[in-house]
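Residues per chain, in single letters:
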Amino acid sequence: MSVGIHAFGGYVPKARLQRGVIAEANAWFNPGLRGLGKGERATANWDEDAVTMAVEAARDALGGTGGGTGKDGINGVFLASTSLPFQDRQNAGIVAEALHLGHALQTMDVAGSQRAGTSALLNALQAAGGGGPILVAGAERRRTKAASPLELTTGDGAAALVVGDGDGIAKLLGHASESIDFVDHYRGQDETFDYVWEERWVRDEGFMKIVPVAITRALDAAGISADAVDHFCFPTPARRVAGMLAKKLGMPDDSVRDNLQGTLGEAGAAHPLIMLASALEDAKAGEIIVVAGFGQGCDALVFEVTEAIGSAQPGHGISGYLARRREETNYMRYLAINDLMVVEQGLRSEVDKQTGMTTLYRNKEMILGLIGGQCRDCGTLQFPKSNVCVNPNCGAIDSQDDHPFADMAAKMNSYTADALTYSPDPPAYYGMVQFEEGGRGMMDFTDVDPGAKLQVGQPMRMMFRVKDFDTKRGFRRYFWKATPDGAPKSAPKSPRGGE
Amino acid sequence: MATGIRDKVAILGMGCSKFGERWNDNAEDLMLEAFTEALGDAGIEKNRVEAAWFSTAIEEQHVGKSGIPLAMALRLPYIPVTRVENYCASGSEAFRGAVYAVASGACDIALALGVEKLKDTGYGGLPQRSRGALNDQYWSNMSAPGSFAQLASAYQTKHGVSRDDLKRAMAHISVKSHDNGAKNPKAHLQKAIDEDRVLNAPMIAEPLGLFDCCGVSDGSACAIVTTPEIAKSMGKTDLITVKALQLSVSNGTEVQHNSWDGSYFMTTRTASKKAYEEAGIKNPREDVSLIEVHDCFSVTELVTMEDLYISPEGGAIKDVMDGFYDADGKIPCQIDGGLKCFGHPIGASGLRMIYEMYLQMQGRAGERQRSDEPKFGLTHNLGGFPHQNVCSVVIVGQEGA
């Protein structure tokens, strides 16, 4: 029985910090950073984390939220990241709630290594034969020290893949893993930043010696010769390494995929999946994709793209989200929203943000899933779902069925840019957002470009974001926000297991 | 069939503390200041007050919950004291409670007293606080100015008004209120300003600049009410009576149903219509002498002129720019400076508005006294947000008017 990838999607945060700005700001300290000061890196907004980015990538892959459970629905969510917001509260479970996938499914966080992305994918493929489909998401919000080389080479982003029985759009031909305690960098418990060993050693003894072993074994298992590889996804920002590996293994020079260093940066455990999602956007039927993940060893997976690829494009894809971009040239803003400097937040920021777990639990569909109601008597859509229909001409009691709002078309009725209320990135934009088929809410906006001119009536779409940080207790609240819907779109596909 | 409150209750006495940044006073000091003036004005002893309604909105910043703080501050003789809170309409709510108590015959003399001590937060503007356990998890991160600012974009869109024209009318409103406040010795802000200063002020919540926003103040105001018969038996003449008491509360239609366009207050339209009916006012533009509205923000005052059916829909900008609502216009609005300049100690604000009507109708308003004798005075409070609010409309007037 074959297994394969059935759908894929990606997500890249909108702000692209210009590396030249980082390099110039820090050149007084380390002039050598100028050598890395080219291109841009994707930078998560203050209200994004691995969970929210995974949700967006998954929506991109699934064609929205929903998907139900059972035979055609999603039976598992695996989330891979080394920057998960919760150490003990399953992060994949939040993703599943936000995606409104129901509760009869398996969820799992995969962490602890940059290899987590490929390990999650590989395990999902192994489990999917009979237990699928499984949604695998990799997401990373990198934490790096100011003026470190990593600050310049890393980036934030996510990808999601739906794997299951059958060939799908990319059939798994073979795979192999090497596990070896090669410590190119590490981050101990409660440490914020990576501790990194010399890159020349990492290249010569790590990449060049460990990776070829895994890829050779995977190609052997797949029965594919190296020269037949069309897309080689190797997620390192180190220059020329992927090319050197291709040469060493006998893969064609032009099989080496762009590591997205110029446009996104290296997104940790998510990066092999991001590169794979990017390759799938370009791949044609019959082509061979090799993806590897490196970290205390190496996973290598070999896929063959099928005819079904033509009908399975994501909502935006990595390319679509790369095109949805805002050049960020304000390094201070980046430092502030990444907690890399102490900013005067003002007394208004001091309000206690304790969240009642009981309140959240009984309202989880509403808060995490953006589930409202539809009145059976008059058809009116409303958020939140309530006991009494809001339609002034109806007022029926206990008449509402669940209705998901996250993917509905919406427009903006009124707005403000509020400089008074506390926001990590002022001014706070919010306003009345109205769903075209019914329902509305006074919602926070996110990803509004600084100085943007908003227009009443402009289209908006929902994004899953952090609402508040409870800094006293290490908790964070999630909810949905509206963003100006300017992202370039390709035609939505009908997802496997979609609504 | 209910006949309404018209002329059933008279104001026996009123008091109002100086509003402002009362750094060295507790809420109790402000309460006593207002109450002492009202008792003297009424010409009664404290023990004649049989029941009291006490309004505060952000009690956790000063006196705490319940009616006890009022009873203790004034040493009331173990009478009923009910604390009321209904956002910024709290003061009008206290008044409603006291007036209804007298009208019902349950007591002869009742007190409504409101107080707020807001300048103990460490920052300007309203205190930032929880909105409720579930609301905090999904309401937008809005401030008062940001929620009222929404009116501007919706109003502009509905009526095809340019931002500049709207901003200028808003500026006129604030300049007018500062002119009026400058003549009011109890006002928080007593300095006149000009239009340029308003238009060039720092932005608070687009398009509301600093001078489009009222400040928050410390202050207290109160009313002692009784029946017209009792007032007359005490030798009072030229009574000011209550003509209408209306309250309208959002049920979620604005924020959850797509029938509201965001440019006006459903509550104000509902409450004002009922209030005019209760007061027997057929044509408010002709019959109302003075109005004190909830000008928390200049744009609120602007749209309220239409919601009170005084300016035609879409016509408020013209009326404002024509000076219709200036102190020497047809219907002065905020002749005491309004929330904008008299100040906005939330629990006291509704009573402060009635206090001004009471002074104006008795010819006791000093430098800001209206020369035409006012017949009907309308006061209006909004609490909450345009998309979800409480609106009170009170009409007082000369007995028999």
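Residues numbered from 1 in each chain as written. Chains lettered and ligands numbered in written order. Predicted model: local features only at pLDDT ≥ 70, side-chain atom pairs only at ≥ 80, totals over all residues.

Engineer: Would you mind going over the overall build of chain B with me for this structure?
Structural biologist: The number of helices and strands found in chain B is 15 helices and 11 strands. A globule of 401 residues ought to have a C-alpha radius of gyration of about 21 Å, and chain B, at 20 Å, matches this closely. Each principal axis of the C-alpha atoms in chain B carries an extent, and together these give about 55 × 45 × 45 Å. Of the contacts formed within chain B by residues at least 6 apart in sequence, a portion of 77% connects residues at least 24 apart. (Helix = DSSP H or I, 4+ residues; strand = E, 2+ residues; numbered from the N terminus. Rg over C-alpha atoms; globule rule 2.2 N^0.38 Å. Contact = placed C-beta atoms within 7 Å.)

Engineer: What is the right way to look at the environment of Pro235 of chain A in this model?
Structural biologist: Residue and element names in this part refer to chain A. Along the polypeptide, Pro235 turns up in the loop between β11 (231-233) and α7 (241-249). Between the C-alpha atoms of Pro235 and Ala292, which are 57 residues apart in sequence, the distance is 7.4 Å. Not counting residues within four places of it along the chain, the set of residues in contact with Pro235 comprises Asn259, Glu266, His271, Pro272, Met275 and Gly293.

Engineer: Even after reading the chapter, I still don't get the interface of chain A and chain B, so can you show me in this structure?
Structural biologist: One frequent convention defines the size of an interface as the accessible area lost when the parts assemble. Contact with chain A, which involves 40 residues of that partner, is made by 34 residues of chain B. Broken down by secondary-structure element, the contributors of at least two residues to the side of chain A that touches chain B are α11 (357-362), β18 (410-418), β19 (428-435), β20 (440-444) and β22 (475-484) of chain A. Per-element accounting of the side of chain A that touches chain B gives the leading share, six residues, to β18 of chain A. Tallied by class, residues from the side of chain A that touches chain B come to 19 nonpolar, 15 polar and six charged. (Nonpolar A, V, L, I, M, F, W, Y, C, P; charged D, E, K, R; others polar.)

Engineer: Explanation requested: the sheet that holds strand β14 (residues 326-328) of chain A in the structure shown.
Structural biologist: In a beta sheet, neighbouring strands pair by backbone hydrogen bonds and run either parallel or antiparallel. All names here are of chain A. The mixed open sheet is built from three strands, whose spatial order is β3-β2-β14. Either end of the sheet is taken by a strand with one partner, and the two such strands are β3 (40-43) and β14. For this sheet the average axis-to-axis angle between neighbouring strands, irrespective of direction, equals 40°. For strand β2 (residues 15-18) and β3, the ladder comprises four bridges, and the chain directions are antiparallel. Bridging across to β3, Gln18 finds its partner in Glu40. Most of the contacts of helix α1 (residues 19-26) go to β2, to which it runs at about 45°, and overall it touches β2 and β3. (Pairing = 2+ DSSP bridges. Axes fitted to C-alpha atoms, helices over the stretch in contact; angles between N-to-C directions.)

Engineer: What's the story with the domain arrangement of chain A in this structure? I'm lost.
Structural biologist: Residue and element names in this part refer to chain A. In terms of domain boundaries, chain A breaks down into domain 1 (3-337) and domain 2 (356-370 + 405-484). Computed from C-alpha atoms alone, the centre-to-centre distance between domain 1 and domain 2 is 28 Å. With 19 residues of domain 1 at the contact, the number on the domain 2 side is 16 residues. Secondary structure elements with two or more residues in the side of domain 1 that touches domain 2: α2 (50-62), α3 (91-98) and α10 (331-337). Of the residues contributing to the side of domain 1 that touches domain 2, the split by class is six nonpolar, five polar and eight charged. (Domains from an automatic or database assignment.)

Engineer: I would appreciate a short explanation of the sheet that holds strand β6 (residues 134-140) of chain A in the present structure.
Structural biologist: Residues and elements named next belong to chain A. Taken in spatial order, the nine strands make up an open sheet running β5-β4-β6-β7-β1-β8-β13-β12-β11, and their pairing is mixed. Unpaired on one side and paired on the other, β5 (106-110) and β11 mark the two borders of the sheet. Neighbouring strand axes in the sheet, compared pairwise and without regard to direction, differ in orientation by 25° on average. Judged from the seven bridges that link them, strand β12 (residues 288-294) and strand β13 (residues 297-305) form a sheet pairing that is antiparallel. Across the sheet, residue Ile288 finds its bridge partner in β13, namely Glu304. Helix α4 (residues 116-131) rests against β1 (3-11), β4 (76-80), β5, β6, β7 (157-165), β8 (170-179), β12 and β13 of the sheet, and its axis sits at about 170° to β4.

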